[in-house]
Amino acid sequence: MTAKISYDKASFKDFENIPDLNLFERAQELSSFLDFMKQKDRLNYRLINYNSAGATVQHKDAAGNIKECVSFVSNDYLGFSQHPAVKQAAIDSIIQYGTGAGSSPLIGGHYEYHQVLEDKLCAFFQREKGSALVYTTGYTANSASLQSLLHKEDIALLDMAVHASVYEGCLLTNTKKILHNNLEMMEMALKDAQHKYRTKLVIIDGIYSQDGDMAPVKEILQLCRQYGAYLMLDDAHGIGVIGKTGRGVLEHYDLLKDIDIITGTLSKTFGNVGGYVISRPEIIEFLQYQSRQNAFSAAATPAITGVVKAIELLDEEPQWQAKLWDNINYLKNGLTGMGLNVGNSCSAIVPVKIGDPHITGDVASLLLEMGVYTNPILYPAVSKKDARIRMSLLATHSREHLDKALAAFEYINKKLELA
Ligand SMILES: Cc1ncc(COP(=O)(O)O)c(C=O)c1O
């Protein structure tokens, strides 16, 4: 018989796979937990937003009235999902091709608009044509590609803070988790794996999604070369934010042409939905035929053409990246000035580290009450003692938006004695 879960101390992880309960009983147990969380005003998930993915959101309060909040939960870093030229490109493509692709890329769903985007991505990453493959999400760009690339003869060495999609992609292979940004442990693991596996693939992010910090890519690449490993880097949060022209962490390190596999998303800076893999043409061709998503799941819709315009805007309108950095610096200075801990963030992701998950929940609820929408990040997304409020900064946040957030943090900081 399963012991009753104490809701007061529980996290979603506790409901993942309760022994002895069948699937409906497990679903019922989670449902009871969600009711409990709702009663405690801790359920800031799946809130319906009545306006666009930008600097503000509109929610309905308990009385059904629309309430506008400043939002720090969208990753539309440069505001391109709302840019008139990006919207127009998507609309034009829908008018030309319709709303769906009708088939998977391998068996009839690969259209001219996909090819134009893939060629554009090759040029953006300074690679020859044939070096890019588009997926329908950034998640599957990682999970589906890795599942076809790595098998039981191989090993993936993962920085432990990589995205959930990478963990899923590595279910069919051997894995070694490396403490976050720990070069010593990386070297030990590479040395150990050197002669034991067919392929050694180190997988890191450019910018990490919970801390907003950067990987020491140069040193990691050097270790990979020394021990005969390949390097894969997911720069979902670096593109548009880092690098002189927004080409991400690899532009920052001047390593754009040196990484074996680059992955990323079209859902953040590029303002759409989708993902991509950049690699040598033979790897791209391998994925076109062997990655199951490309054979068994429908291709991206014509609206993805908005990304082609978003890529051009990075060069044509650099003011958005400059404005984003003004905003990042302003908010971070304000928060650290109050004594709050933003960790090692050097990107548009700004965490406010609190530690205790219950206090973190209270902070998120108070912020929302005060019209500031943020994400409380709790276990298992981070370790149990490392709960935090996570904010994503956008170029489209105004000074008033940031001042409102800072005023709310100042009030809560005093009330709950966070710093
Ligand atoms: C580092 C990282 N990789 C991949 C993804 C998945 O991207 P998508 O939303 O396009 O599926 C995310 C999304 O949050 C991410 O943070």
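Just so we're clear, the structure is a prediction, and the values are computed from it rather than from any experiment.

## Some points on the nonpolar core
Core analysis: the biggest nonpolar cluster contains 106 residues, and Val 202, Val 217, Phe 270, Leu 335 and Phe 409 have the highest contact counts within it. Each of domain 1 (47-76 + 319-416) and domain 2 (83-316) contributes no fewer than three residues to this core. When sequence neighbours within four positions are dropped, the list of residues in contact with Val 217 reads Ile 204, Leu 231, Leu 233, Val 249, Leu 250, Tyr 253, Leu 255 and Ile 259. Among the nonpolar cores identified, the runner-up in size contains seven residues, and Ile 5, Tyr 7, Ile 18 and Phe 33 belong to it.

## Looking at the packing of helix 12 (residues 319-337) against helix 14 (residues 399-416)
Interhelical geometry of helix 12 versus helix 14 gives an angle of 20° and a closest axis separation of 10 Å. Our classification of the angle between helix 12 and helix 14 gives roughly parallel. The way helix 12 lies across helix 14 gives a crossing that is right-handed. Contacts from Asp 326, Asn 327, Tyr 330, Leu 331, Gly 334 and Leu 335 of helix 12 reach helix 14 at Arg 399, Leu 402, Asp 403, Ala 405, Leu 406 and Phe 409. Of the residues that constitute the contact of helix 12 with helix 14, the class distribution is seven nonpolar, two polar and three charged.

## A short note on the site of the ligand
If you check the shell around the ligand, you find 14 residues, and the closest are Gly 138, Asp 234, His 237, Thr 265 and Lys 268. Measuring from an oxygen atom of the ligand, one finds a backbone N or O atom of Gly 138 at 2.8 Å. For the ligand, a nitrogen atom lies 2.6 Å from a polar atom in the side chain of Asp 234. Compared with its free state, where it exposes 390 Å², the ligand has 83% of that area covered by protein.

## Topic: the pattern of salt bridges
Under the counting rule described, the total for this entry stands at 15 salt bridges. Between Arg 198 and Asp 154 there is a salt bridge; the shortest N-O distance is 2.9 Å. You can see Arg 198 sitting in the loop between helix 6 (183-193) and strand 6 (200-205) and its partner Asp 154 sitting in the loop between helix 4 (138-149) and strand 4 (155-159), a full 44 residues away along the chain. In this structure, the salt-bridge partner of Arg 388 is Asp 386, at a minimum N-O distance of 2.9 Å. We classify Arg 388 as buried; its relative accessible area is 1%. Through salt bridges with shared partners, one network takes in Lys 120, Lys 309, Glu 312 and Glu 316.

Definitions and limits used
Residues numbered from 1 in each chain as written. Predicted model: local features only at pLDDT ≥ 70, side-chain atom pairs only at ≥ 80, totals over all residues. Heavy atoms only, no water. Core = buried A, V, L, I, M, F, W, Y, C linked by side-chain atoms within 4.5 Å. Buried < 20%, exposed > 50% of the residue type's maximum accessible area, 1.4 Å probe, protein only. Domains from an automatic or database assignment. Contact = heavy atoms within 4.5 Å. Axes fitted to C-alpha atoms, helices over the stretch in contact; angles between N-to-C directions. Helix = DSSP H or I, 4+ residues; strand = E, 2+ residues; numbered from the N terminus. Parallel < 35°, antiparallel > 145°, perpendicular 65-115°, else oblique. Left-handed = near helix turned anticlockwise from the far one by under 90°. Nonpolar A, V, L, I, M, F, W, Y, C, P; charged D, E, K, R; others polar. Near = heavy atom within 4 Å. Polar contact = N/O pair within 3.5 Å; in protein donor to acceptor, adjacent residues only side chain to side chain. Areas by Shrake-Rupley, 256 points an atom, 1.4 Å probe, with all protein chains shown as cover. Salt bridge = Lys/Arg side-chain N within 4 Å of Asp/Glu carboxyl O.

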